[in-house]
Amino acid sequence: MGEAVNTLVDGLVISDQSGFFNVEIAGGQVITCRLRGRLMEEARSSDIATIGDRVKIQLLDDGTGTIEDVLPRTSVLSRAVRTEGRRGEGSPEREQVIIANADQALFVFAAAQPAPNFKMLDRFLVAGEKSDIGRLVIVVNKIDLLDEQAAHELFATYEKIGYQVLYTSAREKIGVDALRDLLKNRLSVFTGPSGVGKTSLLNVIQPGLGRVVKEVSKRRAEGIHTTRDSVLVKLDMGGYLADTPGMRQLALWDIEPEELDGYFVEIAPLVSQCRFNDCSHFDEPGCAVNEAVERGEIAESRYLSYLDLRIELENAYAIS
Ligand SMILES: Nc1nc2c(ncn2[C@@H]2O[C@H](COP(=O)(O)OP(=O)(O)OP(=O)(O)O)[C@@H](O)[C@H]2O)c(=O)[nH]1
Ligand SMILES: [Mg+2]
Ligand SMILES: [Zn+2]
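The structure presented is a predicted model; accordingly, all values stated were derived computationally and were not measured.

### Quick word on the overall build of the chain
No. 1: Regarding its fold elements, the chain presents eight helices and 13 strands.
No. 2: Here the chain holds 320 residues, and the buried ones make up 35% of them.

### Considering the nonpolar core
No. 1: By size, the foremost hydrophobic cluster in this structure holds 72 residues, and its most contacted members are Leu77, Ile99, Phe107 and Val189.
No. 2: Element by element, the count of residues in this core is highest for strand E8 (residues 104-110), at six residues.
No. 3: For Leu77, the contacting residues outside a window of four places in its chain are Ile98, Ile99, Ala102, Ala105, Ala127, Gly128, Ser131, Ile133 and Val189.

### Brief notes about the confidence of the model for the chain
No. 1: Looking at the chain as a whole, its pLDDT mean stands at 91, while 90% of the residues score no less than 70.
No. 2: Note on residues 217-223: pLDDT under 50 across the span, and twelve contacts to partners over four residues away in sequence or across chains.

### Considerations on unusual backbone geometry
No. 1: Put simply, Gln113 and Pro114 share a cis peptide bond, and its omega is 0°.
No. 2: Mapping Pro114 onto the fold places it in the loop between E8 and helix H2 (118-130).
No. 3: Positive phi is not limited to glycine here, since Asn101 has a value of about 60°.
No. 4: The class for Asn101 is buried, based on 22 C-beta atoms found within 10 Å.
No. 5: A positive phi is found at Asp254, a non-glycine position, where the angle reads about 60°.
No. 6: With respect to the helices and strands, Asp254 occurs in the loop between strand E13 (240-243) and helix H7 (288-294).
No. 7: A residue is classified by how many C-beta atoms lie within 10 Å of it, and Asp254, with 13 of them, is partly exposed.

### Examining the environment of Asp47
No. 1: Note on placement: Asp47 falls in the loop between helix H1 (37-42) and strand E4 (54-60).
No. 2: Its 20 C-beta neighbours within 10 Å are what place Asp47 among the buried residues.
No. 3: In this structure, the C-alpha to C-alpha distance between Asp47 and Ala100, residues 53 residues apart in sequence, is 9.8 Å.
No. 4: Contact partners of Asp47, with chain neighbours within four places excluded, come to Glu95, Gln96 and Val97.

### Details of the environment of Pro285
No. 1: Relative to the helices and strands, Pro285 resides in the loop between E13 and H7.
No. 2: Sequence separation between Pro285 and Cys274 is eleven residues; the distance between their C-alpha atoms is 8.5 Å.

### Observations regarding the pairing of E4
No. 1: On E4, burial follows the alternation: Val55, Ile57 and Leu59 on one face are buried, whereas Arg54, Lys56, Gln58 and Leu60 on the facing-out side are not.
No. 2: By the bridge criterion, five bridges tie E4 to strand E5 (residues 65-70) in an arrangement that is antiparallel. Bridge assignment links Lys56 to a residue of E5, and that residue is Asp69.
No. 3: The turn joining E4 and E5, which pair antiparallel and follow one another in sequence, is formed by four residues; a positive phi near 90° is taken by Gly63.

### Remarks on H2
No. 1: Helix length check: H2 (13 residues) gives 18 Å between terminal C-alpha atoms against 18 Å at 1.5 Å per residue, within 8%.
No. 2: Leu121, Asp122, Arg123, Phe124, Leu125, Val126, Ala127, Gly128 and Lys130 are the residues of H2 that are buried.
No. 3: Trailing H2 by a residue or two, Asp132 shows a phi angle of about 75°, which is positive.

### Observations concerning the packing of helix H5 (residues 176-183) against helix H6 (residues 198-205)
No. 1: In contact at an axis separation of 10 Å, H5 and H6 are set at 85° when each is read in the N-to-C sense. The orientation of H5 with respect to H6, classified from their angle, is roughly perpendicular. Contact with H5, carried on its side by Val176, Leu179, Arg180 and Leu183, involves Leu201, Val204 and Ile205 of H6 and no other residues of that element.
No. 2: Tallied by class, the residues present in the contact of H5 with H6 amount to six nonpolar, no polar and one charged.

Definitions and cut-offs
Residues numbered from 1 in each chain as written. Chains lettered and ligands numbered in written order. Predicted model: local features only at pLDDT ≥ 70, side-chain atom pairs only at ≥ 80, totals over all residues. Helix = DSSP H or I, 4+ residues; strand = E, 2+ residues; numbered from the N terminus. Buried ≥ 20, exposed ≤ 12 C-beta atoms within 10 Å, placed from the backbone. Core = buried A, V, L, I, M, F, W, Y, C linked by C-beta atoms within 7 Å. Contact = placed C-beta atoms within 7 Å. pLDDT = per-residue confidence, 0-100. Pairing = 2+ DSSP bridges. Expected span 1.5 Å × (residues − 1). Axes fitted to C-alpha atoms, helices over the stretch in contact; angles between N-to-C directions. Parallel < 35°, antiparallel > 145°, perpendicular 65-115°, else oblique. Nonpolar A, V, L, I, M, F, W, Y, C, P; charged D, E, K, R; others polar.

As structure tokens, then:
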């Protein structure tokens, strides 16, 4: 450990790996830091500092630093993960922050190989709506594998409810300019299942990075989790883009069953029209959501996602 130089420097966390944080400071220099002891204690139950965090660091004379302070976050995209901790100690779940302070989240799915899992997409959208991130975009990659019409039909439900859907191919370089326009000068994150082409898209947007991608295994089209650690990449054109490891599961964090309807953008505006103000939209009489589903104004698949998640949250609530 070096001696402290007594001034705090502002920085941005660009990677975090088992307790070591790479922090970019003014001028682009990257300093490897550890958390100050007091923060380390807090870090047991949540990611106290993670990619996207604005921090104050103390520079040490050996070229490393310590994170002294983490500034309040403007947005937090997170999920619940099981703690590996000892039984009977603490909570069975902890918050895993996917990214802090993002201006924009891009949920990347493949048009095919692997086929899109819409239940999973609906989970990401709920987490996104909860996160306070200003803009959520759905990226449909690998459109070279499907004809355009078919790809658009697959995601029509999401365009209809107002989400921006971008169709891309990292392989054929389709949609890359539109993607660059979106990413320029913003702090964005790529997240989604494994093997959909997140890293491939990043490599196309910023050639020369050489981030590793691997073939999706033929037998199990779900992919093999090539990217293991999240990293926030500084884009030459301006802005930052986080490449994150593909997710097999996304458990919702810190969402009460009663607030779930607010995170389904097409359900939220109807809630005040239900007869009962605590309507769960299962089968209560006078439910405006049910009526909209029956009239075909709300997609059945989205309503079923709502019901599944609501049951999941009620169950989680009952045991905690
Ligand atoms: N046909 C086609 N294949 C693609 C495209 N983009 C990526 N791939 C292939 O899909 C596989 C997975 O790509 P990755 O970029 O590693 O996917 P990822 O989403 O980063 O996966 P994880 O890091 O595991 O989360 C690789 O074999 C890529 O070559 C595309 O647009 N079209
Ligand atoms: Mg990857
Ligand atoms: Zn209702």
